[in-house]
Amino acid sequence: AQSVTQLDSQVPVFEEAPVELRCNYSSSVSVYLFWYVQYPNQGLQLLLKYLSGSTLVESINGFEAEFNKSQTSFHLRKPSVHISDTAEYFCAVTFGQAGTALIFGKGTTLSVSS
Amino acid sequence: DTAVSQTPKYLVTQMGNDKSIKCEQNLGHDTMYWYKQDSKKFLKIMFSYNNKELIINETVPNRFSPKSPDKAHLNLHINSLELGDSAVYFCASSTSGGQYFGPGTRLTVL
């Protein structure tokens, strides 16, 4: 069955430390991969996406993710986090073709403290 | 300009009532969705429409009925509300480049 696994439910880090949020998927067909961020009591914002081409994708606020087909992973990284990065992060996948429904992981709570 | 909007943002109602949530997108997308986020923040697809036609209908009780009057709108009507329907409901629209979500509607059934 097709699925998405976020390996860490909570990740506490100190400000300016690096962080990696892990995401693995299971699929026998082509995939399109996404990271969404949800700030408290808000909707989901698309953080970055992999559709094709370069396996390393970047967001405008310093996050990056790398698609690794052999390891079926799409981990999210940031070299130095800020307090304002505190949020829930969701990895999501569509299978087969872009535009189909997203399958979400269970989310990772990133808590950044000073 | 709001890309995907939902109304209302909060909805508090009694068990057994019927309620609707409206969604509109001004992105020109062909496909729209309803997702449910439960109390543990897990997100799951409920319905998907493409050009006003139902594409995905997950195992959702038939008390939930989506309606798409045109490509820019996808409303969700819920009959005979139950306690377990309490959740945040998100509308989304998409192109091949990804899905864009509305701000969500927090439904509380008392």
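Above this note sits the structure.
The structure contained in this document is the topic of the report that follows.

Re the overall build of chain A
A count of helical and extended segments in chain A gives zero helices and twelve strands. Taking 13 Å as the expected radius of gyration for a compact globule of 114 residues, we find that chain A reaches 13 Å, a close match to that expectation. The dimensions of chain A, computed from C-alpha atoms along their principal axes, are 45 × 30 × 20 Å. For chain A, the residues scored as buried account for 45% of the 114 residues in total. Put simply, 57% of the contacts in chain A that link residues at least 6 apart link residues at least 24 apart. Carbon and sulfur atoms form 49% of the exposed surface of chain A, whose accessible area is close to 5500 Å². Computed over 6 positive and 9 negative side-chain charges, the inter-centroid distance for chain A is 10 Å.

Focus: the pairing of strand E8 (residues 64–68) of chain A
All names here are of chain A. Every second residue of E8 is oriented toward a common face, the buried set being Ala65 and Phe67 and the non-buried set Glu64, Glu66 and Asn68. Note: strand E7 (residues 56–58) against E8, three bridges, orientation antiparallel. Within E8, the position partnered with glutamate 58 by the bridge is glutamate 64. Between E7 and the antiparallel strand that follows it, E8, lie five residues; glycine 62 among them carries a positive phi value of about 95 degrees.

Description of the pattern of salt bridges
All names here are of chain A. Within this structure, the stated rule accounts for nine salt bridges over all chains. Aspartate 8 is paired through a salt bridge with arginine 22; the nearest N and O atoms lie 2.9 Å apart. In this pair, aspartate 8 sits in the loop between strand E1 (3–6) and strand E2 (10–14) while arginine 22 sits in the loop between strand E3 (19–21) and strand E4 (23–26), placing the two residues 14 residues apart along the sequence. We note a salt bridge from lysine 78 to aspartate 85, for which the minimum N-O separation is 2.9 Å. For the residue pair lysine 78 and aspartate 85, the accessibility class agrees, reading buried in each case. What emerges from the salt-bridge pattern is a single network uniting Glu20, Glu64, Glu66 and Arg77.

Digging into the sheet that holds strand E8 (residues 73–78) of chain B
All names here are of chain B. An order of E1-E3-E8-E7 is seen for the four strands of this open sheet, with the pairing classed as antiparallel. Whereas interior strands pair on both sides, the edge strands pair on one side only; in this sheet they are strand E1 (4–7) and strand E7 (64–70). In this sheet, adjacent strand axes meet at a mean angle of 20 degrees when their direction is disregarded.

Here we look at unusual backbone geometry
Leaving glycine aside, a negative phi is the common case for residues, and trans is the common case for peptide bonds. Residues and elements named next belong to chain B. Here the residue pair threonine 7 and proline 8 is connected by a cis peptide bond, since its omega of -5 degrees sits within 30 degrees of zero. Here proline 8 shows up in the loop between E1 and strand E2 (10–13). Positive phi, close to 45 degrees, is recorded for serine 80, a residue that is not glycine. Residue placement: serine 80 occurs in the loop between E8 and strand E9 (87–95).

Concerning the interface of chain A and chain B
Across the contact, 20 residues belong to chain A and 22 residues belong to chain B. For the chain A and chain B pair, buried surface summed over both sides reaches about 1500 Å², with 58% attributable to carbon and sulfur atoms. Inspection of the chain A/chain B interface yields one salt bridge. Of the charged contacts in the structure, one is a salt bridge between Lys41(B) and Glu88(A), with a shortest N-O distance of 3.8 Å. For the pair chain A and chain B, the interface holds four residue pairs in polar contact (both at pLDDT 80 or more). If you list the elements that add at least two residues to the side of chain A that touches chain B, you get strand E5 (31–38), strand E6 (44–50) and strand E10 (87–95) of chain A. For the side of chain A that touches chain B, the per-class residue count stands at ten nonpolar, seven polar and three charged.

Let's talk about the nonpolar core
For soluble globular proteins, nonpolar side chains are generally found buried alongside one another. Grouped together as the largest cluster of nonpolar side chains are 28 residues, with contacts concentrated most on Leu33(A), Trp35(A), Leu47(A), Leu48(A), Phe74(A), Leu76(A) and Tyr89(A). Sorting elements by how many residues they give to this core places E10(A) first, with five residues.

Digging into the side chain of Lys78(A)
Residue and element names in this part refer to chain A. Position of lysine 78 relative to the elements: it lies in strand E9 (residues 73–78). Side-chain polar atoms of lysine 78 contact the backbone oxygen of asparagine 61, separated by 3.0 Å. A distance of 2.9 Å separates polar atoms of two side chains, one belonging to lysine 78 and the other to aspartate 85.

Procedures and definitions
Counting from 1, residues in each chain are numbered in the order their sequence is written. Following the order in which they are written, the chains are lettered starting with A and the ligands numbered starting with 1. Note on the predicted model: pLDDT of at least 70 is required for a residue's local features to be given, and 80 or more for side-chain atom pairs to be given and counted; whole-chain, interface and lining totals, by contrast, use all residues. Derived side-chain values reflect all non-hydrogen atoms in the structure, with water molecules and hydrogen atoms excluded from consideration. Only runs of H or I of at least four residues qualify as helices and only runs of E of at least two qualify as strands under DSSP, and these elements are numbered from the N terminus. Based on C-alpha atoms, the radius of gyration is set beside the globule rule, defined as 2.2 Å times the residue count to the power 0.38. Here the term buried applies to any residue with accessible area under 20% of the maximum for its type, exposed to any over 50%, and partly exposed to those in between, with areas from a 1.4 Å probe on protein chains only. Here, residues are in contact when the closest pair of their heavy atoms is within 4.5 Å. Only the protein chains shown count as cover for residues, and the accessible areas themselves come from Shrake-Rupley with a 1.4 Å probe. The charge count treats Lys and Arg as positive and Asp and Glu as negative. His and the chain ends do not count. Here the site of a charge means atom NZ of a Lys, CZ of an Arg, CG of an Asp or CD of a Glu. Strand pairing is assigned whenever DSSP detects at least two bridges linking the two strands. A carboxyl oxygen of Asp or Glu within 4 Å of a side-chain nitrogen of Lys or Arg is what we treat as a salt bridge. Axis angles are defined between N-to-C directions and span 0 to 180 degrees, where every axis is a line fitted to C-alpha atoms and, for a helix, only to the segment in contact. By buried area we mean the combined loss of accessible area, with a 1.4 Å probe, across both parts when two parts are placed together. Identification of polar contacts relies on pairs of N or O atoms within 3.5 Å, with a donor-acceptor requirement for protein atoms, meaning one able to donate a hydrogen and the other able to accept it, and with residues adjacent in sequence counted only if both atoms are side-chain atoms. By the convention adopted, Pro, Cys, Tyr, Trp, Phe, Met, Ile, Leu, Val and Ala count as nonpolar, Lys, Arg, Asp and Glu as charged, and the other residues, Gly among them, as polar. The term nonpolar core refers to a set of buried residues drawn from Ala, Val, Leu, Ile, Met, Phe, Trp, Tyr and Cys, joined through side-chain atoms within 4.5 Å.

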